[in-house]
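# Notes for the structure review
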Amino acid sequence: MTLVPGTIRPPRRLDDVPGWFPVLDQVLFEWFLDRQEAMGTRGDLLEVGVYMGKSAISLGRHRQDGENFTVCDLFEGDALDDANQAESTKSYRALTQQVFEDNYLAFHDTLPRVLKGPSSIVPDKIAPAGCRFVHIDASHLYEHVRDDIGAAREALLPGGIVVLDDFRSEHTPGVSVAVWEAVLTRGLRPICLSTQKLYGTWEDPGPVQDELLAMVRGREDCHLSIQQAAGHRIVRLKSKKGMQAPPFPPSRFAHRAEEVAPGKASPRRRGATRTRRFAADLLPPILTRAIRNGLSRS
């Protein structure tokens, strides 16, 4: 594979894909999805807001035969209102559908179902009560997040898991308001909180919380605290230094040799060129010739 100037080098590992998917959340995604599959739970997967595909690639690995995986994002499209358009332009200027699809296909043979547009199109495209796992990481604006949470509730089958990103970041107060409003007034039950995401359900969280607590207490790489708030048991998790992400298969490009885009010199040759220029500018001619001869032999 020869790189064309200006293209992005294909990812070799999941960590090569740009995006915000901390190691703790990778562990939790795997745990919740593995648990569902071990219990024989079947249902579709949904991600709203994909950025460059890092968490979608992870989710796609858990699509079982007969299940659908759907993703939704504006990509380079236009938002429905000025505030959402400004948010998209500021934070996701580099995101295109092609970049997402290229990254995803580096790890999977086929794409998920891709919905290009605002998250408001999801309720008309997803069958009610058909999803077992929904990840919401789209707009940070309160009105949009509120509606996304409502769409997730309609999409989830009984006992399904919703994951809400950026519920506590200082730059996303709209997400915080919408998420805790859903907990206090819309029946959402927290299962656990990571540094970045809230994991919840609209069913009794007790059984899954108990299993999660047993798993975490058996690890040495995760901080755990439990608090009570407004009648909810709040399980807080934070990774310790050295926590490792779950094993993930490398991409189809993992074993390809490093290649340099046409017309671009290797770092060593660029360094040699800078040395020649330095010598020509500052040194006597006899030393300049000696340095040039030495570099040409290297």
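Just so you know, the residues in each chain are numbered from 1, in the order the chain's sequence is written. Per-residue local features are limited, in this predicted model, to residues with pLDDT of at least 70; the limit for side-chain atom pairs, both in listing and counting, is 80 or more; totals at the level of whole chains, interfaces and linings are taken over all residues. Excluded from the side-chain calculations are hydrogens and water; all other atoms, namely the structure's heavy atoms, are used.

### Notes on the pattern of salt bridges
It is possible for side chains of opposite charge to pair when their charged atoms get near one another. Rule in force here: For this analysis, a salt bridge means a side-chain nitrogen from Lys or Arg found within 4 Å of a carboxyl oxygen belonging to Asp or Glu. Helix and strand definitions here come from DSSP, where helices need a minimum of 4 consecutive H or I residues and strands a minimum of 2 consecutive E residues; each element is numbered from the N-terminal end.
Following the criterion strictly, the structure yields 12 salt bridges and no others. Between R35 and E211 there is a salt bridge; the shortest N-O distance is 2.9 Å. Here R35, found in helix α1 (residues 23-38), pairs with E211, found in helix α8 (residues 206-217); they are 176 residues apart in sequence, far enough to count as distant. Ionic pairing is found between K116 and E76, a salt bridge with its closest N-O pair at 3.6 Å. Of the two residues, K116 sits in strand β3 (residues 113-116) while E76 sits in the loop between β2 (69-73) and α3 (82-91), which places them 40 residues apart along the sequence.

### Observations concerning the confidence of the model for the protein
How we decide: Predictor confidence is given residue by residue as pLDDT, running from a minimum of 0 to a maximum of 100. Note on contacts: a residue pair is in contact if any heavy atoms of the two residues lie within 4.5 Å.
With 77% of its residues at a pLDDT of 70 or more, the protein has an overall mean of 86. Segment residues 1-6 is flagged for pLDDT under 50; beyond a separation of four residues in sequence, or across chains, it makes 13 contacts in the model. Low pLDDT, under 50, characterises residues 277-283; the stretch is placed with 7 contacts to residues that sit more than four places away or in other chains.

### Quick look at the pairing of strand β7 (residues 197-201)
Test applied: Per-residue accessibility, obtained with a 1.4 Å probe over protein chains only, is compared with the maximum for each type, and a residue is labelled buried under 20%, exposed over 50%, and partly exposed between these values. Pairing between two strands is assigned when DSSP locates at least 2 bridges connecting them.
Across the 5 residues of β7, 5 count as buried, placing the element largely inside the fold. Because side chains alternate across β7, one face comprises the buried residues K197, Y199 and T201, and the other comprises L198 and G200, equally buried. Relative to β7, strand β5 (residues 156-165) is paired through 4 bridges, and the arrangement is antiparallel. Each bridged residue has a counterpart across the sheet, and for L164 the counterpart in β7 is L198. Bridging between strand β6 (residues 189-193) and β7 involves 4 bridges; their strand directions are antiparallel. Within β7, the position partnered with C192 by the bridge is Y199. Hairpin connection between β6 and β7: a loop of 3 residues separates the two successive antiparallel strands.

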